[in-house]
Number of protein chains: 2
Amino acid sequence: MAEKTFLKPKLPKTRNTNKVSKPPAASKAPKASKLQQRQKKAAVVATTATPKETSRRAVTSYDVALRAGISQSAVSRCFKPGASVSPAMRALVMKVARELDYTPNAIARSLITRRSNLVAVLISNLTNLYYPEVLSELCQQFEKRGLRVLLFTLPHEADVDKMIAQVWEYQVDGVVAAARLTPQQVAEFERRQVPFVLYNRTLQDKPVNAVVCDQIEGARLLVTRLAAAGHKRLAIISGPTDSVVGQERTRGARERIAELGLAKPIIVEGNYDYHSGAAGLREILRQLGCTPDAIICGNDVMAIGCVDTARHELGLNVPTELSVVGFDGVEPSTWLSYNLTTLRQPVQMMAQAAAEMLIALIAKPDSSPEKRVFSAQFIEGGTSVLGPL
Amino acid sequence: MAEKTFLKPKLPKTRNTNKVSKPPAASKAPKASKLQQRQKKAAVVATTATPKETSRRAVTSYDVALRAGISQSAVSRCFKPGASVSPAMRALVMKVARELDYTPNAIARSLITRRSNLVAVLISNLTNLYYPEVLSELCQQFEKRGLRVLLFTLPHEADVDKMIAQVWEYQVDGVVAAARLTPQQVAEFERRQVPFVLYNRTLQDKPVNAVVCDQIEGARLLVTRLAAAGHKRLAIISGPTDSVVGQERTRGARERIAELGLAKPIIVEGNYDYHSGAAGLREILRQLGCTPDAIICGNDVMAIGCVDTARHELGLNVPTELSVVGFDGVEPSTWLSYNLTTLRQPVQMMAQAAAEMLIALIAKPDSSPEKRVFSAQFIEGGTSVLGPL
DNA sequence: TTGTATGCGTTATCAT
DNA sequence: ATGATAACGCATACAA
């Protein structure tokens, strides 16, 4: 495969441009072209570096151009999908690039294109058991579409504002927020003009892009089923007050309970973990003085804590003496020991929707806000009696 | 607080430098200074943009400098911790920066400093229940130390090499790999001179930086305890063959079993999930034709699957008829329904060690490889009889 | 199709 | 302490 003439190493001509040289002292030499600079550097490295300890300097497109005897822009073009490059050129560049281990520098690219291909994912706490599933799905989706995930976990104590500042610094193309944020923090996204999608949370006042599961609908459905099965005295172990999702679940349940004319439920507050489910049950029994017919827990893990405590600590039979239901449909809820009655969120669909939305938003930033609402799926497990009592 | 004289808006003098203008046609005007360019752009934006739709252009340090009547480098310095800036200057810059909502561009900074403050975290699959804990800890540690986490999840099917290529493109300062990588892939880290720490895996041939838990020691301890309690016929549900951790656990157990002169154990292979624990138990019973004294599972989730299947499907009493032990010490292993006998890995310490090591390595790249080995903690739960049988 | 020249927004190196 | 200027590595308009 003979090289075409125009690919022969023709060194770019030295730059004798409009700069008619300088009178003011013999200080500054005429500026060398970047390629020439590179040439010099390469020479320095070659003489300086010991053979085995190869240069710490990264290989750049200039190095490839120099070696191939072409221009830097030619190299750049060869790495751009739709560019107009002759096959011979592309082959040559790719060959040399491989030889030199050249990898395009995404940082430099981002600077010029103003697209970092970075998306920030904000997540409250990964220990929640539900969020890892979400994160996993989001990652898959974004990776599939050529976006990299910059992960921010927001522990409760930490200074969230300071963390969010980091998001701006890195010029992310978009943000998925599955974390507890104040309206002010969300407003900041808007002000910064960074496309963002909220996951399982919305704003009261402003319409925003969001993917949510209809928690109220789900909670109502749950109560309806429990009531139909004859449960009369219901109790609730709610999520923490700063969890929008938790509040909605509680509200939906309470509303439906009232509609059905059932007794006003006892509500104790949990924080989504196993122990607060256990503590919640004990507190309910203390307040009520007896066993309720059913306990609605703000998530599966609390429900699991509740079931375990009922069975192994209090000697209560679940479901015959007490029904327990949860929310989320995390994997452990399906384990044989629990086989929890719960409302499963379609995590995969929701994550996919969030990724799709964000990508569409990045492409077309001024679309009007959209909210995609998914329904939870009722899972009839073995921790509740749902036939007639 | 009167401004000092030298802070008065003194516009940088226009650039009448060595360029003695050009004869060749009236094409190129003398190059304007960056500040002047910026000034012009700002003007264009002001006249073009509608009042409410503020400019999409990001605010840069030039904008701040322009507004404050100082040089761009002064602005830059004010955002650098140790720089020598007068208090008055700093105050002025910060005030204007706040007014304009200026945020330094980390991308541009990275380009010049050659430090991205980005670390890549490579994780196999987040659905493993053990990895979210690791990831969470790693994140905390890195965030605390001013590094951002670029997350890469490696699904089994995906082209790992292509994913890793993305790591190089983003010029990460370091890598923590808690994923199944081939020795070639690890060698690539080395060749690229990117500091890296392996989490819970090492290389056979080369010494590498790694944080590991001593799986062999743990497995041996487990067998020792089981044997001391009188268990004679042991069986193993191993992790998948491509999991180094799993292999070591199996090897340690097998060696110790041999040393103690016990019968050679049946070994069936699982893939770390709940169902493969269940399937593993059934397979063991099939092969053995009877119940073994104890089953050692490659991780907690398989152990849980094993316990559940024994109790709820096969009607076996755990631990009186069958002991089951696991590895990891994930949260569900502590739940009352299981109260699993297991070896807990000190995840928090390990993650902290990994972060520390990587940061030290970034600061001093040519340190010789170190391996930090942690011991697992034996947790005596209720799924095994460990007193005399 | 290919090369030249420029700019992205910052930090670093000077000179002042 | 401050300002002017040159990189950093790439993509892109424009000229050829």
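Structure first, text after, so check above.
Quick caveat: nothing in here was measured; it's all calculated off a predicted structure. (Residues numbered from 1 in each chain as written. Chains lettered and ligands numbered in written order. Predicted model: local features only at pLDDT ≥ 70, side-chain atom pairs only at ≥ 80, totals over all residues. Heavy atoms only, no water.)

Draft legend 1. Seen up close, the nonpolar core. Grouped together as the largest cluster of nonpolar side chains are 151 residues, with contacts concentrated most on L135 and I296 of chain A together with L135 and I296 of chain B. The contact partners of I296 of chain B, leaving out residues within four places of it in the chain, are L222, V223, L226, L234, A235, I236, I237, A253, V325 and F327 of chain B. In terms of nonpolar packing, the next biggest core, distinct from the first, is built from 54 residues, L154 and M163 of chain A together with A179 and A210 of chain B among them. (Core = buried A, V, L, I, M, F, W, Y, C linked by side-chain atoms within 4.5 Å. Buried < 20%, exposed > 50% of the residue type's maximum accessible area, 1.4 Å probe, protein only. Contact = heavy atoms within 4.5 Å.)

Draft legend 2. Structural detail: the pairing of strand β1 (residues 118-123) of chain B. Residues and elements named next belong to chain B. Where burial is concerned, most of β1 is hidden: six out of the six residues are buried. In β1, alternate side chains face the same way, and those of L118, A120 and L122 on one face and V119, V121 and I123 on the other are all buried. In the sheet, β1 pairs with strand β2 (residues 148-153) via six bridges, with the strands oriented parallel. Note on β2: the bridge partner recorded for V119 is V149. (Helix = DSSP H or I, 4+ residues; strand = E, 2+ residues; numbered from the N terminus. Pairing = 2+ DSSP bridges.)

Draft legend 3. The arrangement of the interface of chain B and chain A in detail. Listed per partner, the contact involves 65 residues of chain B and 66 residues of chain A. Between chain B and chain A, a total of about 5,900 Å² is buried, with carbon and sulfur atoms accounting for 58% of that surface. The largest share of the area that chain B buries against chain A comes from I107, Y170 and W335 of chain B, three residues that together contribute 13% of it. Across the chain B-chain A interface, the total number found is four salt bridges. Put simply, the parts of the chain that give the side of chain B that touches chain A at least two residues each are α5 (106-113), α6 (131-144), β2, α7 (160-169) and α12 (300-313) of chain B. Two strands pair when backbone bridges link them, and strand β2 (residues 148-153) of chain A and β2 of chain B are joined in this way by three bridges, in the antiparallel orientation. Residue pairing for β2 of chain B: V149 of chain A is matched across the bridge by L151 of chain B. (Buried area = accessible area lost by both parts, 1.4 Å probe. Salt bridge = Lys/Arg side-chain N within 4 Å of Asp/Glu carboxyl O.)

Draft legend 4. Molecular detail of the sheet that holds strand β12 (residues 377-379) of chain B. Residues and elements named next belong to chain B. On the basis of which strands lie adjacent, the open sheet formed by six strands has the order β7-β6-β8-β9-β10-β12 and mixed pairing. Bordering the open sheet on either side are β7 (266-269) and β12, each of which pairs with just one other strand. When the angles between neighbouring strand axes are averaged without regard to direction, this sheet yields 20°. (Axes fitted to C-alpha atoms, helices over the stretch in contact; angles between N-to-C directions.)

Draft legend 5. The packing of helix α7 (residues 160-169) of chain A against helix α8 (residues 183-192) of chain A, seen in detail. Residue and element names in this part refer to chain A. Contact geometry of α7 with α8 gives a least axis separation of 11 Å together with a crossing angle of 20°. It follows from the interaxial angle that α7 and α8 lie roughly parallel. In terms of crossing hand, the pair formed by α7 and α8 is right-handed. Contacts from V160, D161, I164 and W168 in α7 reach Q185, E188, F189 and R192 in α8. The residue makeup of the contact of α7 with α8, split by class, is four nonpolar, one polar and three charged. (Parallel < 35°, antiparallel > 145°, perpendicular 65-115°, else oblique. Left-handed = near helix turned anticlockwise from the far one by under 90°. Nonpolar A, V, L, I, M, F, W, Y, C, P; charged D, E, K, R; others polar.)

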